[in-house]
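# Notes for the structure review
Here are the chains, one letter per residue:
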Amino acid sequence: MSRSARCEGSPMRRIAVLGATGSIGDSTLDVVARHPQRFAVEALAAHTNADKLADLCRRFRPPYAALSDGDAAQALQRQLARDGVPTRVLAGPEGLAEVATLPAVDTVLAAIVGAAGLPPTLAAARAGKRILLANKEALVLGGAVFMAAVDAGGATLLPIDSEHNAIFQCLPAHYARDPRAAGVRRILLTASGGPFRTRAVAELAHVTPDEACAHPNWTMGRKISVDSATMMNKGLEVIEAHWLFGAPREAIDVVIHPQSVVHSLVEYADGSVLAQLGHPDMRTPIAQALAFPDRIDAGVARLDLAGLAALAFEAPDTARFPCLALAYDALAAGGTAPAFLNAANEVAVAAFLAGRIRFTDIAAACAETLARAAVGPVATIDDALAADGQARRLTHGWVEGRANAGRVTA
Ligand code: NAD
Ligand code: MG
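I will try to describe carefully the structure that is included in this document. From a predicted model like this one, the values you see are computed outputs, not experimental measurements.

### Quick word on the site of ligand 1
In the vicinity of ligand 1, 23 residues are found, and the nearest of them are Thr21, Ser23, Ile24, Ser68 and Glu137. Contact between ligand 1 and Gly19: an oxygen atom at 3.3 Å from a main-chain N or O atom of the residue. One of the side-chain nitrogen or oxygen atoms of Glu137 is found 2.6 Å away from an oxygen atom of ligand 1. When the free accessible area of ligand 1 is taken as 820 Å², the share hidden by the protein chains comes to 88%. Mapped onto the shell around ligand 1, the elements with two or more residues apiece are helix H1 (23-34) and helix H6 (136-153).

Here it is in structure tokens:
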């Protein structure tokens, strides 16, 4: 990643929030609202939730709003016209790409969930924006293409996934995607272990979507919550770290840390290990990236070290969390393998949330898709999107077979 575009002083940042109605969108707008002299909302974008986006437009008065769903965009347009809100409404994937590349926008908060976030985020990269990246799936799906677009477009990439933001904070200021050159021996991603860290493995076939979404430390959207329960989230984050920091997979380790206070660590050649600590509250990494290189109030309570009972660390159990091993395998296979894994996981998680397959079927569906899809190179975004489509079809077929076999008694 590049830090070349450090801002001078504290200019007004003009922001487009992609995924404005989600959990990261909420946290971002909370931080933004605390600093009206620093941040102006130029555009808000989401998928289908016209009511919530209308509320946000009434509150933040952005010049532009976009919904990827055409009917929802029309509903938003009607609500805003009725209330006399002068926000211009755009629709469809083109509308998302348009708000991500508006000349007035300098900062794009990329917080759409899933592969749908890649095209507008890529457009922002090509347009040379300052991109605050939450949408890890964009990097998993098309990491090589995305990073090349960041470089070619002269974009600045700041991670807001909490672990990657922590690593960013622990790396030297001149870091340029080369761990060896910076004396970095290892990147250590922490993982909470999710809600099933201590559940008997035999019971995992029977856990419900609500149990899987009940994360012990973080409040997040449902897809990433399930990913945390399977630890696929950490697997995707290993791939995300590979692209963001130019680290080979051997130099990226995962350690379970149930308290979610240490957000990740960097180990240096001299034996030093640097960590970033804080409450598990996404407003901290979001504020760090929004204001970088300045520091601003994020509305987060101070960390009371004496009040913390203990900080524990343990190695992950890959028998309990097969998705973590699948992600390392996909990274080793390279090419389209991570795109296959990501798409298979999205389809399987949606099927699990809909009560169609079991929790343990998520890993089985991903393994099956990875085994059946032939890995090819990712030279263009179309290669990545074709792989995504192929994996979705394979996994849908697998899910149908599983669901029709009547193995789920939701
Ligand atoms: P969420 O489900 O709460 O919100 C998702 C947002 O994406 C919504 O605004 C929704 O409208 C939008 N969206 C979904 N599909 C879309 C589509 N097809 N087109 C346009 N917009 C679409 O999810 P979240 O928890 O806010 O996570 C967002 C991203 O941030 C994910 O990639 C996730 O992995 C990442 N992330 C989240 C957290 C967290 O704490 N929530 C932490 C780290 C990283
Ligand atoms: Mg994370």
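### Quick notes on the pairing of strand E4 (residues 88-91)
The pairing of strand E3 (residues 64-67) with E4 spans 4 bridges and is classified as parallel. Looking at the pairing, Ala65 lines up with Val89 of E4. Since E3 and E4 lie parallel, the crossover through helix H3 (residues 70-83) that links them has a hand, and here it is right-handed.

### Side note on the coordination of the magnesium ion (ligand 2)
For the magnesium ion (ligand 2), the full set of protein donor atoms is Asp161 (OD), Glu163 (OE) and Glu237 (OE), at a range of 2.1 Å. Read N to C, the donor residues that coordinate the magnesium ion (ligand 2) are spaced as D-x1-E-x73-E. Placement of Asp161 in the loop between strand E7 (156-159) and helix H7 (162-170) and of Glu237 in helix H10 (residues 232-245) is noted, with a sequence separation of 76 residues between them. Glu237 gets classed as buried once you look at its relative accessible area, which sits at 1%.

### Quick notes on the environment of Glu368
By the element assignment, Glu368 lies in helix H14 (residues 359-372). Judged by relative accessible area, which is 31%, Glu368 ranks as partly exposed. Once the C-alpha coordinates of Glu368 and Val255 are considered, the two residues, 113 residues apart in sequence, prove to be 27 Å apart.

### Re the pattern of salt bridges
Inspection of the entire model under this criterion finds 29 salt bridges. Salt-bridge contacts for Arg38 lead to Asp294; the nearest nitrogen and oxygen are separated by 3.2 Å. Here Arg38 is found in the loop between H1 and strand E2 (39-46), whereas its partner Asp294 is found in the loop between helix H11 (283-291) and helix H12 (322-333), with 256 residues between them in sequence. Overall, the relative accessible area of 18% leaves Arg38 in the buried class. Classification of Asp294 by relative accessible area gives partly exposed; the value is 21%. For the salt bridge of Lys223 with Glu137, the shortest nitrogen-to-oxygen distance reads 3.1 Å. Here Glu137 lies in helix H6 and Lys223 lies in helix H9 (residues 222-230), a separation of 86 residues in the sequence. Across the pair, exposure class does not vary: Lys223 and Glu137 are buried alike. Several salt bridges converge on common partners, so that one network encompasses Lys136, Asp161, Glu163, Lys234 and Glu237.

### Notes on the nonpolar core
Counting 79 residues, the largest nonpolar core has Ile131 and Phe146 as the members making the most contacts within it. No other element matches H6, which puts 9 residues into this core. Excluding anything up to four places from it in sequence, Phe146 contacts Leu118, Thr121, Leu122, Ala125, Ile131, Leu139 and Leu157. With 42 residues, the next largest nonpolar core counts Ala50, Phe60, Ala72 and Leu132 among its residues.

Rules used in this analysis
Residues numbered from 1 in each chain as written. Chains lettered and ligands numbered in written order. Predicted model: local features only at pLDDT ≥ 70, side-chain atom pairs only at ≥ 80, totals over all residues. Heavy atoms only, no water. Near = heavy atom within 4 Å. Polar contact = N/O pair within 3.5 Å; in protein donor to acceptor, adjacent residues only side chain to side chain. Areas by Shrake-Rupley, 256 points an atom, 1.4 Å probe, with all protein chains shown as cover. Helix = DSSP H or I, 4+ residues; strand = E, 2+ residues; numbered from the N terminus. Pairing = 2+ DSSP bridges. Right-handed = clockwise from strand over helix to strand, strands pointing away. Donors = N, O, S within 2.8 Å, 3.2 Å for Na, K, Ca; no water. Buried < 20%, exposed > 50% of the residue type's maximum accessible area, 1.4 Å probe, protein only. Salt bridge = Lys/Arg side-chain N within 4 Å of Asp/Glu carboxyl O. Core = buried A, V, L, I, M, F, W, Y, C linked by side-chain atoms within 4.5 Å. Contact = heavy atoms within 4.5 Å.

Geometry only, nothing functional implied.
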